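Residue-level structure breakdown
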Amino acid sequence: MDAELRSSEPDGEGRARLSKRAVVDRALKLADTDGLDALTIRKLAQDLGVTPMALYWHFRSKDDLLEGMAEQVWGEIDVHIDPSVPWWAQLQGGLESLIRVLRAHSSAPQLVLEHEKRNEAALRATEATLAILRSAGFDLQYAAEIARSTLWTGIMLVMSEAGYKPELAEEERTELHRQSEIYFRMLPSARYPRLVEAAAPMADCDPDIHYRLGVEMFIAGVRAMAEQHGQDPAGS
C-alpha cells in the first residue's frame, strides 16, 4: 500500500475540490460502514470522485490518513471544563463525551487504540483530564494513571457492549443476539439457574444501563480513591 501512495502533488482541479477535513470526513464514513481494514486510498478516491493522486496533497500514505482520522475523532471530544461543578463531575463529563464520540464512529475505538495519541486534539483532551485530576489533589503519578484509565474505560465500555459487532448489519446483530439468548436459555437449568433466568440481558443489554452503570462505577472509584488518599475528601 505504501508504494501505491507515493506520488507528487495532485492536479489543480482535484486539489481545489478537496479539503483535508472533507477527505477525513469521508474516510471516517467509509471506515464506519466497511471497517478500517477495508479502507484504501483508491476506494476513498473513487468515493470522492477524484483520482488517488488528488489525495496525496493531504496524506502521504494510508497510515498518514489514519492518523488524521484519529485526530478528528479526538477533536470531537468536548474538552471544555465547567469550573462551577465539582471536579468529579468534570471528569464524568469528559468520559461521557468520549463515549459519545466512540459510539458515533464504529471505527473510532480501533483508531484510538492503534494510532499514536500525540496529535494536538489528543494532547488537548489529555491536558484537560490531567488538569481536572490535579485540581482534585492527585499527585502526578496518580493523575497520569487515572487519565489513562479514563480513556481505557471509555473504550472498554463501548467494545464490551453486548453484541458489539460494528462490522455487522443491524439485522445480523439482531440475529446474533437471538442466537446468544437461545444458547443461554438452553443451558442445564440445574447447573446454571442464574444464567438461564438472565438469558435475555446476558445476550443483549440496555445501552442506557450499560453506559450509565460503567461511568458511575468508574467515577465512584476515583472519588473513593481521592478520599482514601486524603485528596479533596469533600468532593468539591
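Residues numbered from 1 in each chain as written. Predicted model: local features only at pLDDT ≥ 70, side-chain atom pairs only at ≥ 80, totals over all residues. Heavy atoms only, no water.

**Some thoughts on the overall build of the chain**
When helices and strands are tallied, the chain shows 13 helices and 0 strands. Counted from the first residue to the last, the chain has its helices and strands arranged as α-α-α-α-α-α-α-α-α-α-α-α-α. Out of the 236 residues belonging to the chain, those deemed buried represent 39%. In the chain, of all internal contacts separated by at least 6 residues, the share reaching a separation of at least 24 is 72%. Entry remark: accessible area of the chain is about 13500 Å², with carbon and sulfur atoms responsible for 53%. (Helix = DSSP H or I, 4+ residues; strand = E, 2+ residues; numbered from the N terminus. Buried < 20%, exposed > 50% of the residue type's maximum accessible area, 1.4 Å probe, protein only. Contact = heavy atoms within 4.5 Å. Areas by Shrake-Rupley, 256 points an atom, 1.4 Å probe, with all protein chains shown as cover.)

**Notes on the nonpolar core**
Grouped together as the largest cluster of nonpolar side chains are 55 residues, with contacts concentrated most on L44, L55, L65, M69 and F138. For this core, the secondary-structure elements that each account for two or more residues are α3 (20–34), α4 (41–48), α5 (62–75), α6 (87–104), α7 (108–114), α8 (120–135), α9 (140–159) and α13 (207–228). Residues within four places of M69 in sequence aside, it is in contact with V24, A27, L28, A31, L36, L39 and L111. The next biggest cluster of nonpolar side chains, apart from the first, holds 5 residues, and it includes F184, L187, V196 and A199. (Core = buried A, V, L, I, M, F, W, Y, C linked by side-chain atoms within 4.5 Å.)

**Observations regarding α8**
Between its first and last C-alpha atoms α8 spans 22 Å; for 16 residues at 1.5 Å apiece the expected length is 22 Å, and the two agree. Within the sequence span of α8, burial applies to A121, A122, A125, A128, T129, I132 and L133. With its buried residues spanning 130° around the axis, α8 presents them on a single face. When the buried face of α8 is taken as reference, the exposed residues oriented beyond 90 degrees from it are E127 and S135. Tucked inside the fold, the buried residues of α8 contact α5, α6, α9 and α13. (Expected span 1.5 Å × (residues − 1). Arc of directions from axis to C-beta.)

**Some words on the confidence of the model for the chain**
Taken residue by residue, the chain gives an average pLDDT of 86. The fraction at 70 or more is 87%. In the model of the chain, helix α1 (residues 2–5) stands out as the element of lowest mean pLDDT, 36, in contrast to helix α11 (residues 193–197), which has the highest, 97. (pLDDT = per-residue confidence, 0-100.)

**Quick notes on the pattern of salt bridges**
Under the definition given, this model contains 8 salt bridges. Two residues, R26 and D47, come together in a salt bridge whose shortest N-O distance is 3.1 Å. Of this pair, R26 sits in helix α3 while D47 sits in helix α4, and the two are 21 residues apart along the sequence. Here R194 makes a salt bridge to E197, at a shortest N to O gap of 3.1 Å. In this pair, R194 and E197 both sit in helix α11, 3 residues apart, roughly one turn of the helix. Pair check on accessibility: R194 and E197 agree, each one exposed. (Salt bridge = Lys/Arg side-chain N within 4 Å of Asp/Glu carboxyl O.)

**Quick notes on the packing of α6 against α13**
Where α6 contacts α13, the axes come no closer than 10 Å and their chain directions differ by 145°. For the pair α6 and α13, the crossing hand works out as right-handed. Counting all contacts with α6, which are made through W87, W88, L91, Q92, L95, E96, I99 and R103, the residues of α13 involved are P207, Y211, V215, F218, I219, V222, R223 and A226. Grouping the amino acids of the contact of α6 with α13 by side-chain chemistry returns 12 nonpolar, 1 polar and 3 charged. (Axes fitted to C-alpha atoms, helices over the stretch in contact; angles between N-to-C directions. Left-handed = near helix turned anticlockwise from the far one by under 90°. Nonpolar A, V, L, I, M, F, W, Y, C, P; charged D, E, K, R; others polar.)

**Remarks on the side chain of T129**
Along the chain, T129 turns up in helix α8. According to the relative accessible area criterion, T129 is buried, its value standing at 18%. In contact with T129, other than residues within four places in its own chain, are L91, A147 and T150.

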